[in-house]
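# Architecture and fold: a report
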Amino acid sequence: YNEAKALNALHEIFFEQDKLSINVFLVGYTGLIGGTLLKQISHQKSYLENEKNLEINLIGVINSKNMLIDSNGIDIENLESKLKVEREDANINSFINRAIDLNFANTVIIDCSANKSVVEHYERILKKSISIVTPNKIANTLAYPKYLSLRETAKRANSRFMYETNVGAGLPVINTLHALLNSGDRI
């Protein structure tokens, strides 16, 4: 499985532009943090591409009722109209399975929910070399052995489990993504 992901990464390096692409699956896109994140990505798109050589591809979104996955990317500006036509009923297990099956290099699941059922999938996600960025506090308040297991799983699979939150419904996810990009590591 990781061989296929490595081949995808090599293909991106050799045949794509010098731009780093991050493929995002967003959980909780209609909440305050998820909605604000989408607005920030949309507003910063040109700057990120031109100044940082970074392309953020929104591949999937899910909330408690709907989900949408498009392997070619979802235009944030047309998300609502696309949801009206192509949406599916929300199923977090199916959403994560499809993120795994697409097997894109540099995939990040951003969990902007406060939902324990999403956290229950974290270990499986990390094992597939998919990074997680979240302000969801639940994973960090589980029993300490479970927390350590998540960290160790991420380390073994060369994925990242990044958590940051603050008070007042701020948007820490952007800072975490920025730190992830500035680390010099591929996601």
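Worth saying up front: this structure is predicted, and the values here are computed from it rather than measured.

## Description of the environment of E49
Looking at the secondary structure, you find E49 in helix 2 (residues 32-51). On the basis of relative accessible area, E49 is assigned to the buried category, the value being 18%. A sequence separation of 28 residues divides E49 from S21, and the C-alpha atoms of the two residues are 9.5 Å apart. Look past the residues within four positions of E49 in its chain and what remains in contact with it is K19, L54 and E55.

## What to know about the packing of aromatic side chains
Tallying each qualifying case throughout the model produces three aromatic pairs. Centroid distance F25 to F95: 5.8 Å. Interplanar angle 80°. Geometry classified as edge-to-face. Taken together, the positions of F25 in strand 1 (residues 20-27) and F95 in helix 4 (residues 92-102) put the pair 70 residues apart, joining distant regions of the chain. On the basis of relative accessible area, F25 is assigned to the buried category, the value being 0%. Owing to a relative accessible area of 0%, F95 belongs among the buried residues under this scheme.

## Observations regarding empty space enclosed by the protein
For the structure shown, the criterion picks out one cavity of 30 Å³ or more. Elements with a minimum of two residues in the lining of the largest cavity: helix 2 and strand 2 (54-62). A total of four residues in the lining of the largest cavity trace back to one element, the largest contributor, which is helix 2.

## Digging into the pattern of salt bridges
For the structure shown, the criterion picks out six salt bridges. Here K82 ties to D70 by a salt bridge, and the two come within 2.4 Å at their closest N and O atoms. Taken together, the residues span a long stretch of sequence, with K82 in helix 3 (residues 79-86) and D70 in the loop between strand 3 (66-69) and helix 3 at a distance of 12 residues. Owing to a relative accessible area of 18%, K82 belongs among the buried residues under this scheme. The shortest N-O distance in the salt bridge between R156 and E152 comes to 3.7 Å. Residue R156 and its partner E152 are located together in helix 7 (residues 144-157), separated by four residues, close to a single helical turn. Relative accessible area serves as the criterion here: at 36%, E152 is assigned to the partly exposed category.

## Side note on the pairing of strand 6 (residues 131-134)
The side chains of a regular strand alternate, first on one face of the sheet and then on the other. Alternating positions in strand 6 separate into two faces, S131 and V133 on one and I132 and T134 on the other, with burial throughout. As judged from the three bridges shared by strand 5 (residues 107-111) and strand 6, these two strands associate in the parallel manner. Bridge pairing links V108 to S131 in strand 6. By the bridge criterion, three bridges tie strand 6 to strand 7 (residues 161-163) in an arrangement that is parallel. Bridge pairing links V133 to M162 in strand 7. Crossover strand 6 to strand 7 through helix 7 is right-handed.

## A few points about the side chain of N57
Turning to its location among the elements, N57 is positioned in strand 2. Engagement of the side chain of N57 in a polar contact is seen with the side chain of N23, the distance being 3.1 Å.

## Examining the sheet that holds strand 6
Strand order in the open sheet made by the seven strands is 4-3-2-1-5-6-7, with mixed pairing throughout. The sheet terminates laterally at strand 4 (88-89) and strand 7, the two strands that pair on one side only. Relative to strand 4, strand 3 runs antiparallel, the two being bridged by two bridges. Counterpart to N66 in the pairing with strand 4 is D89. Running over the sheet, helix 3 touches strand 2, strand 3 and strand 4 and is turned about 100° from strand 3.

Definitions and cut-offs
Residues numbered from 1 in each chain as written. Predicted model: local features only at pLDDT ≥ 70, side-chain atom pairs only at ≥ 80, totals over all residues. Heavy atoms only, no water. Helix = DSSP H or I, 4+ residues; strand = E, 2+ residues; numbered from the N terminus. Buried < 20%, exposed > 50% of the residue type's maximum accessible area, 1.4 Å probe, protein only. Contact = heavy atoms within 4.5 Å. Phe/Tyr/Trp six-rings, centres within 6.5 Å; stacked < 30°, edge-to-face > 60°. 1 Å grid on protein atoms, 1.4 Å probe; cavity = no way out; pocket = protein on both sides within 12 Å on 5 of 7 lines; lining within 4 Å. Points joined across faces, edges and corners; volume = space filled by probe spheres on them. Salt bridge = Lys/Arg side-chain N within 4 Å of Asp/Glu carboxyl O. Pairing = 2+ DSSP bridges. Right-handed = clockwise from strand over helix to strand, strands pointing away. Polar contact = N/O pair within 3.5 Å; in protein donor to acceptor, adjacent residues only side chain to side chain. Axes fitted to C-alpha atoms, helices over the stretch in contact; angles between N-to-C directions.

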